[in-house]
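Fold and geometry: a report
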Amino acid sequence: MYYARKLKSDRNITGFLPAAFAISSGLLTGIVFGPYTAFKVMGGIILVYSVFGMIAAYRTKNDAYRVATFYMCFLGFYFLAIRIDQSGIKNMELPQGAKLIALITIIFGIWMIYLMATKRHKWRGREIMELAAYEVESGEDSYTDRPAPVAKLDYTKDEIINFAEYLKRKLVALPYYESDRVILLPIKMGNEFRHLFGSNIKYWDNTWVAFDYNGEVSAYISKKDYLDYKENLSCSQLSKSLGEVFIEFYGYFKKREEIRIIDKVNEVKVGIMS
Amino acid sequence: MMDFDKIKLVSGYISKDYSKDLLRLLYLYKDVSASEAASRLGLHIRTVQEFFDAFVEGEMLSKTEVFESKRPYFRYSLKHDKLSFEIDLKNLAEDSTESSGNEIMLREKKNASARFTVSRNKLHFSSVTIWIGQGREGSEKKINLTNAQGKFLFHLPFPDAAFMSMQDIMAKAGVTEENENEVRDIVNLLKEHKIIELKEN
């Protein structure tokens, strides 16, 4: 199925910032202090990133985050292990241990690239918002800052928690658990950092779909996400449609056809970094 | 059954310090003029006149014009030996309602200056904050909602959705008829502040 783009193009560069910071720090240090210090600084920064990767992997239980964490960890150690004298990078020495670390780093690097290329390291918020908007008519600005009741379903608390955990592992949505319901947030790439590493997140101000333990499903579109569409869309239809996307996903999950959820989000052709 | 405004007027005068003495006098005398009562109790004649006139308006005293001397004057007498006030609160509720639930179709108004706060862990609103006025003159008014009101507003159609009758929204929200009056009250208030738009069916 072809999904006409309803969202504005993604100009968010947040995802590139950590890499840009590590590289530019390395370059600057290299210019000022030479290549040896540059590699050590980059190694240190990458090791710090690997700690964040570990937190992300722990929070999401996502395989791609685990692989990325190992990759960054080994890459960081590799940079710390290599020896370069002041005469330059041509005289780089690799101790025996560093060679092994380099080999493991390459293996994890290839594995990570594969996972990224197959979108297993990608938050699917953009795809979800495109799916939600697919059949929604455009019109006047009808935005309202309140959630909409969508449907009443029949499920148990355990079922919905398992569903939420599955969506989290696949980076389709990030769940927040409240005493009476689960709130599922479709996270767009670049917005994941504050949810994964931030504290006191006002998650209810983001776009969400809530499944309460009595079977009530409701959905809310944030103003920011509403304005991210190229045109003004019917807010009531959009909220309902967003809820229905997750209800459809739940239907697949209940039938043990989870792969259909991934197939569905993959139908929306969005770049791996947006 | 008395009119609410009349009860309000009479009650105001009953709360005065001198009301007990004046009412006692009215009970003891067959009828009395304002000047007689004023001189008897050491009050200003104007004070007594206002007191008596309020009770006349409240339909508790009768006022008769007499022509005994050069100038006519009024004599006041109690209509009943007991004063009783009865307010049917249902009438108050009906006063503020324009039409019955079935006749009103409603939805949220476009670009309404209101913020609905969702009750944590519940599928209803806990409060609605309304912006009154514009610019620097504007102010916020926060209304804490009852459960029934919060559920009702949670199911209120969006600005671009089809109008729905009050009864249908109540049914969808699981609000029972016994809460209808409080729901109607919030509807009227939000209509007044242009948060809700109504359509007669």
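The structure reproduced in this document is the subject of the present report. For every chain, the first residue of its written sequence is number 1, and the numbers climb from 1 along that sequence. As a convention, the first chain written is A and the first ligand written is 1, with the rest following in written order. The model is predicted, so local features are restricted to residues of pLDDT at least 70 and side-chain atom pairs to those at 80 or more, both for listing and for counting; the totals for chains, interfaces and linings are taken over all residues. In computing side-chain values, all of the structure's heavy atoms are included and hydrogens and water are not.

To continue, consider the overall build of chain B. From N to C terminus, chain B includes eight helices and nine strands. Using C-alpha atoms as the atom set, the radius of gyration is obtained and then compared with a globule rule of 2.2 Å times the number of residues to the power 0.38. At 26 Å, chain B has a C-alpha radius of gyration far larger than the 17 Å of a compact globule built from 201 residues. Taking the principal axes of the C-alpha coordinates as reference, chain B spans close to 75 × 40 × 30 Å. Burial status follows relative accessibility: with a 1.4 Å probe on protein chains alone, a residue under 20% of its type maximum counts as buried, one over 50% as exposed, and anything between as partly exposed. A burial count over chain B gives 39% of its 201 residues as buried. Counted over contacts in chain B with a minimum sequence separation of 6, partners at least 24 positions apart contribute 56%. Accessible area of chain B: about 12200 Å², with a carbon and sulfur share of 46%. Across chain B, the centroid of the 30 positively charged side chains sits 4 Å from that of the 32 negatively charged ones. A run of DSSP states H or I qualifies as a helix once it reaches four residues; a run of E qualifies as a strand once it reaches two. Both are numbered from the N-terminal end. Here, residues are in contact when the closest pair of their heavy atoms is within 4.5 Å. Computed with the Shrake-Rupley method and a 1.4 Å probe, the accessible areas treat only the protein chains shown as cover for residues. Under the convention used here, Asp and Glu are negative, Lys and Arg are positive, and both His and the chain ends fall outside the count. The atom standing in for a charge is NZ when the residue is Lys, CZ when it is Arg, CG when it is Asp and CD when it is Glu.

With that out of the way, let us pick up the interface of chain B and chain A. With 21 residues of chain B at the contact, the number on the chain A side is 23 residues. Between Lys or Arg on one side and Asp or Glu on the other, a salt bridge is scored when a side-chain nitrogen of the former is within 4 Å of a carboxyl oxygen of the latter. Connecting chain B to chain A are one salt bridge. A:Arg146 is paired through a salt bridge with B:Glu108; the nearest N and O atoms lie 2.5 Å apart. In protein, a polar contact requires one atom able to donate a hydrogen and another able to accept it; more generally it is a pair of N or O atoms within 3.5 Å, and residues adjacent in sequence count only if both atoms are side-chain atoms. Where chain B touches chain A, the interface holds nine residue pairs in polar contact (both at pLDDT 80 or more). Contributions of two or more residues to the side of chain B that touches chain A are made by β5 (114-118) and α6 (147-154) of chain B. Top contributing element to the side of chain B that touches chain A by residue count: β5(B), with three residues. Only Asp, Glu, Lys and Arg are considered charged in this grouping, and only Ala, Val, Leu, Ile, Met, Phe, Trp, Tyr, Cys and Pro are considered nonpolar; every other residue, Gly among them, is considered polar. Taken together, the residues of the side of chain B that touches chain A sort by class into eleven nonpolar, four polar and six charged.

Another point: helix α4 (residues 45-57) of chain B. Turn by turn, an α-helix covers 3.6 residues, leaving residues three or four places apart pointing in a common direction. Residues and elements named next belong to chain B. One less than the residue count of a helix, multiplied by 1.5 Å, gives the span that helix is expected to have. With 13 residues, α4 extends 18 Å between its outermost C-alpha atoms, agreeing within 8% with the 18 Å of an ideal straight helix rising 1.5 Å per residue. For α4, the complete set of buried residues consists of Val48, Phe51, Phe52, Ala54 and Phe55. Considered in projection along α4, the buried side chains sweep an arc of 155° and stay on one side of the axis. Exposed side of α4, more than 90 degrees from the buried face: Arg46 and Glu57 are the residues found there. As for α4, its buried residues are in contact with α1 (4-14), α2 (19-28), β1 (32-33), α3 (34-41), β2 (61-66) and β3 (73-78). Glutamate 59 sits one or two residues past α4 and shows a positive phi near 60°. For this quantity, the arc is that covered by the directions from the helix axis to the C-beta atoms.

Bringing the sheet that holds strand β8 (residues 164-165) of chain B into the picture now. Residue and element names in this part refer to chain B. Strands qualify as paired when DSSP identifies two bridges or more between them. Pairing within the open sheet is antiparallel, and its three strands lie in the order β8-β4-β9. Each of the sheet's edge strands pairs with one partner strand only, and the pair in question is β8 and β9 (196-200). Where strand β4 (residues 104-108) lies against β8, two bridges are found, and the strand directions are antiparallel. Note on β8: the bridge partner recorded for leucine 106 is methionine 164. In this fold helix α8 (residues 180-192) packs onto β4 and β9, with an angle of close to 105° to the strand it touches most, β9. Geometry is summarised by axes, namely lines fitted to C-alpha atoms with helices restricted to the contacting stretch, and by angles between N-to-C directions that run from 0 to 180 degrees.

The subject of this paragraph is a nonpolar patch on the surface. All names here are of chain A. A cluster of nonpolar side chains, Val48, Val51, Phe52, Met54, Ile55 and Phe197, forms an exposed patch at the surface whose accessible area comes to about 490 Å². The dominant element in the nonpolar patch, judged by the number of residues it contributes, is helix α2 (residues 35-60), at five residues. By the secondary structure assignment, phenylalanine 52 is in helix α2. Surface patches are defined over residues having more than 30% relative accessible area and no salt bridge, joining like charges when they lie within 9 Å and nonpolar side chains (Val, Leu, Ile, Met, Phe, Trp, Tyr) when within 5 Å.

Excluding glycine, residues mostly have negative phi values, and the peptide bonds linking residues are mostly trans. Residues and elements named next belong to chain A. In the Ramachandran plot, leucine 171 falls in the positive-phi region, its phi being about 60° despite a non-glycine side chain. Inspection of the secondary structure puts leucine 171 in the loop between α6 (157-169) and β2 (174-177). The class of leucine 171 is buried, set by a relative accessible area of 0%.

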